[in-house]
Amino acid sequence: MDRMEMSAPQRAMAKLGLTRDIDLALHVPLRYEDETSLQRLRDARDGDTLQLEATVADCRVETRARRQLVVRLTDDEGESLVLRFLNFYPSQQKQLAVGQRVRVRGELRGGFLGREMVHPAVKAAGTALPTALTPVYPTSAQLPQAYLRKAIASALHRAPLNEVLPADTLPSGLPALREAVLFLHQPPPGTALAMLDDRSHPAWQRLKFDELLAQQLSQLAAQRERAKLKAPTLRAPRASTTSCWP
């Protein structure tokens, strides 16, 4: 496809070097978000990141300090939560109209009007919850996470991830390459986030092993190529055994 015909996300992927299925498959997440369950506002503490469903009780635009959209939610237990949007669009006001039931996810903190979230993620309530942790990938401003996630999920079905290393070369306990890559893109619920974040999980260890092996093989190949380019050693001329005296 001609670069001029590419969309902005496609050009952004090309700039990041994500042009082949295998490039996308090996574009591993930076971190993960757990959107597989809903939490109760009553049980949460300030600083927690939580996801809950509630009904919009009030929605208004305030202009006191700066123009902002302020929304008050009420959950099924009567607990209240304020959402604050410093930048917003008419579509968000429509999505958060009074009476709408929504699902929000964000960091909880104390505010002047009670507990609040600033710029939380918002979607319609009742939609199916994800069955795996949500990956957050390295990206750019022109490449939305949703677009990149969809591209990677599609590439995983086609990428050549067959095992190429003999089984006896792998350290004990490491999974197959395909298993490790699929796991890192779609960790199941209950996976210890700490092991993913510090990259100590066996799936991460497998990718680290392959990366180190590839680096060592590359260095060995480079050493051999340099050895071929070395000039041959010149031998010193032999001294003449013929005497110049009669």
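Read on for a plain summary of the structure. Please read these numbers as outputs of a predicted model, since none were measured by experiment.

1. Details of the overall build of the chain
If you tally the helices and strands in the chain, you get seven helices and nine strands. Its C-alpha atoms give the chain a radius of gyration of 29 Å, more than 25% over the compact-globule value 18 Å for 246 residues. Here the C-alpha coordinates of the chain stretch approximately 120 × 45 × 35 Å along the principal axes. Among the 246 residues that make up the chain, the fraction classed as buried is 32%.

2. What to know about the sheet that holds strand β5 (residues 101-107)
Strand order in the open sheet formed by seven strands is β6-β7-β4-β3-β2-β5-β8, and the pairing between neighbours is mixed. Unpaired on one side and paired on the other, β6 (109-111) and β8 (121-124) mark the two borders of the sheet. Strand after strand, the sheet turns through a mean of 45° between neighbouring axes, direction not considered.

3. A closer look at the pattern of salt bridges
Summed over the entire model, instances satisfying the criterion amount to 17 salt bridges. Its salt-bridge partner being Asp 43, residue Arg 40 comes within 3.6 Å of it at the nearest N-O pair. Given a relative accessible area of 41%, Arg 40 falls into the partly exposed group. Residue Asp 43 is classed as exposed on the basis of its relative accessible area of 51%. We note a salt bridge from Glu 62 to Arg 60, for which the minimum N-O separation is 2.9 Å. According to the relative accessible area criterion, Arg 60 is partly exposed, its value standing at 34%. Overlapping salt bridges bring together Arg 31, Glu 33 and Arg 105 as one network.

4. A closer look at the packing of helix α1 (residues 8-15) against helix α4 (residues 145-155)
In contact at an axis separation of 11 Å, α1 and α4 are set at 65° when each is read in the N-to-C sense. One element, α1, and the other, α4, form an angle in the roughly perpendicular class. By crossing handedness, the relation of α1 to α4 is classed as right-handed. Here Pro 9, Gln 10 and Met 13 of α1 come into contact with α4, specifically with Tyr 147, Leu 148 and Ala 151.

5. Observations regarding the side chain of Arg 206
Along the polypeptide, Arg 206 turns up in helix α7 (residues 202-229). A polar atom in the side chain of Arg 206 sits 3.0 Å from the backbone oxygen of Pro 175. Among the polar contacts made by the side chain of Arg 206, one reaches the side chain of Asp 210 at a distance of 2.6 Å. Other than its neighbours up to four places away in sequence, Arg 206 contacts Glu 163, Leu 165, Leu 170, Leu 174, Pro 175, Ala 176, Leu 177 and Ala 180.

6. Structural notes on the nonpolar core
Met 13, Leu 24, Leu 148, Val 181, Leu 184, Leu 196 and Leu 207 are the most contacted members of the largest nonpolar core, which has 27 residues in total. Of all the elements in the fold, those that place two or more residues in this core are α1, α2 (21-25), α4, α5 (177-185) and α7. A per-element tally of this core places α5 first, with five residues. Discounting chain neighbours no more than four positions away, the residues touching Val 181 are Ala 25, Leu 26, Leu 156, Leu 161 and Leu 207. Among the nonpolar cores identified, the runner-up in size contains 18 residues, and Ala 44, Ala 54, Leu 69 and Leu 83 belong to it.

7. Side note on unusual backbone geometry
Residue His 119 is not a glycine yet carries a positive backbone phi of 50°. For His 119, the position within the fold is in the loop between β7 (114-118) and β8. Taking relative accessible area as the criterion, His 119 reaches 38% and is therefore assigned partly exposed. Here the phi dihedral of Arg 199 falls at roughly 60°; this positive angle occurs in a residue that is not glycine. Tracing the backbone through its elements, the reader meets Arg 199 in the loop between α6 (193-197) and α7. You can call Arg 199 partly exposed: its relative accessible area is 30%.

Thresholds applied
- Residues numbered from 1 in each chain as written.
- Predicted model: local features only at pLDDT ≥ 70, side-chain atom pairs only at ≥ 80, totals over all residues.
- Heavy atoms only, no water.
- Helix = DSSP H or I, 4+ residues; strand = E, 2+ residues; numbered from the N terminus.
- Rg over C-alpha atoms; globule rule 2.2 N^0.38 Å.
- Buried < 20%, exposed > 50% of the residue type's maximum accessible area, 1.4 Å probe, protein only.
- Pairing = 2+ DSSP bridges.
- Axes fitted to C-alpha atoms, helices over the stretch in contact; angles between N-to-C directions.
- Salt bridge = Lys/Arg side-chain N within 4 Å of Asp/Glu carboxyl O.
- Parallel < 35°, antiparallel > 145°, perpendicular 65-115°, else oblique.
- Left-handed = near helix turned anticlockwise from the far one by under 90°.
- Contact = heavy atoms within 4.5 Å.
- Polar contact = N/O pair within 3.5 Å; in protein donor to acceptor, adjacent residues only side chain to side chain.
- Core = buried A, V, L, I, M, F, W, Y, C linked by side-chain atoms within 4.5 Å.

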